[in-house]
Amino acid sequence: MVIFFKFLIDAMLGRLARFLRIFGYDTVYANDLEKELNIDSIPDDNLIEYAKETNRILITKDLLLYKRFKDQCFFLEGEDVYGYLSQLRAKLDLIFKINIGKAHCSICNSKLEEIKNKNLIKDKLENDTFKYYNEFYQCLNSNCKKIFWNGSHIKDIEKKLENI
Ligand SMILES: [Zn+2]
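In this report, we go over the structure that sits alongside the text.

Conventions used here
- Residues numbered from 1 in each chain as written.
- Predicted model: local features only at pLDDT ≥ 70, side-chain atom pairs only at ≥ 80, totals over all residues.
- Heavy atoms only, no water.
- Donors = N, O, S within 2.8 Å, 3.2 Å for Na, K, Ca; no water.
- Buried < 20%, exposed > 50% of the residue type's maximum accessible area, 1.4 Å probe, protein only.
- Phe/Tyr/Trp six-rings, centres within 6.5 Å; stacked < 30°, edge-to-face > 60°.
- Lys NZ or Arg CZ within 6 Å of the ring centre and 35° of its normal.
- Helix = DSSP H or I, 4+ residues; strand = E, 2+ residues; numbered from the N terminus.
- Lys, Arg positive; Asp, Glu negative; His and termini not counted.
- Salt bridge = Lys/Arg side-chain N within 4 Å of Asp/Glu carboxyl O.
- Polar contact = N/O pair within 3.5 Å; in protein donor to acceptor, adjacent residues only side chain to side chain.
- Contact = heavy atoms within 4.5 Å.

1. Observations concerning the coordination of the zinc ion
Around the zinc ion, the protein supplies Cys105 (SG), Cys108 (SG), Cys139 (SG) and Cys144 (SG) as donor atoms, at distances of 2.3 Å. A relative accessible area of 0% places Cys105 in the buried class.

Laid out in structure tokens, this is it:
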């Protein structure tokens, strides 16, 4: 059985949050919570509380925070996002495969829906993107609506993942 974890990602780890969303993990980023609450820095107590309430694993590089919340917290070492992914995969058995249809929006974590007729979004795409790709997905959040496709950026990520 695959356990599909949900995550809360501490500040300064935005790139990791975006990656986990693309891999299909429901991932809340602390900086987005701060924006929502209109505060500069969310206190550790609130992060712990939020992780508990929403049943998320808190991922942090803050050793003190980790020590306070060991049961539901994962401590990362190093600086590199692929290094982070390899630590997560080793400890939590995560699967890092990109299936855009099952991804969460990298910007806002909402679910995506398939665009059945690409002509509807033609004006939002570069000409070449429109021409060479046929499968598109759009974020369901009406304030975001970001469009995703299996472009070269996705293939680059997959290639790098093979090497970790
Ligand atoms: Zn979005």
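2. Here's the deal with the packing of aromatic side chains
What the rule picks out here adds up to seven aromatic pairs. Between Phe19 and Phe23, the ring centres sit 6.1 Å apart and the planes meet at 65°, which makes this aromatic pair edge-to-face. Here the two residues Phe19 and Phe23 agree in accessibility, since each one is buried. Residues Tyr66 and Phe75 carry aromatic rings whose centres are separated by 5.8 Å and whose planes lie at 40° to one another, so their mutual orientation is tilted. A network of ring pairs unites the aromatic residues Phe19, Phe23, Tyr82 and Phe96 as a single cluster. The residue whose ring lies beneath Lys118 is Phe130, and the NZ or CZ to ring-centre distance is 4.7 Å.

3. Points about the side chain of Asp10
Position of Asp10 relative to the elements: it lies in the loop between strand S1 (7-9) and helix H1 (14-22). Although buried, Asp10 forms no salt bridge, and the nearest oppositely charged side chain, Lys61, lies 10 Å from it. At a separation of 2.6 Å, a polar atom in the side chain of Asp10 contacts the side chain of Thr60. In this structure Asp10 touches Tyr29, Ala30, Leu47, Ile59, Thr60, Asp62 and Leu65, once residues within four positions along its chain are discounted.

4. So, the pattern of salt bridges
One pass over the full model with this rule turns up six salt bridges. Between Arg56 and Asp26 there is a salt bridge, with the nearest N and O atoms lying 2.9 Å from each other. Placement of the pair is Arg56 in the loop between helix H3 (44-54) and strand S3 (57-60) and Asp26 in the loop between H1 and strand S2 (27-29), with a sequence separation of 30 residues. For the salt bridge of Asp45 with Arg68, the shortest nitrogen-to-oxygen distance reads 2.5 Å. A residue pair is termed long-range when its members are at least 10 positions apart, and Asp45 in helix H3 and Arg68 in helix H4 (residues 63-68) qualify at 23 residues. Each of the salt bridges in this network shares a partner with another, and the network as a whole consists of Arg21, Asp32 and Lys35.

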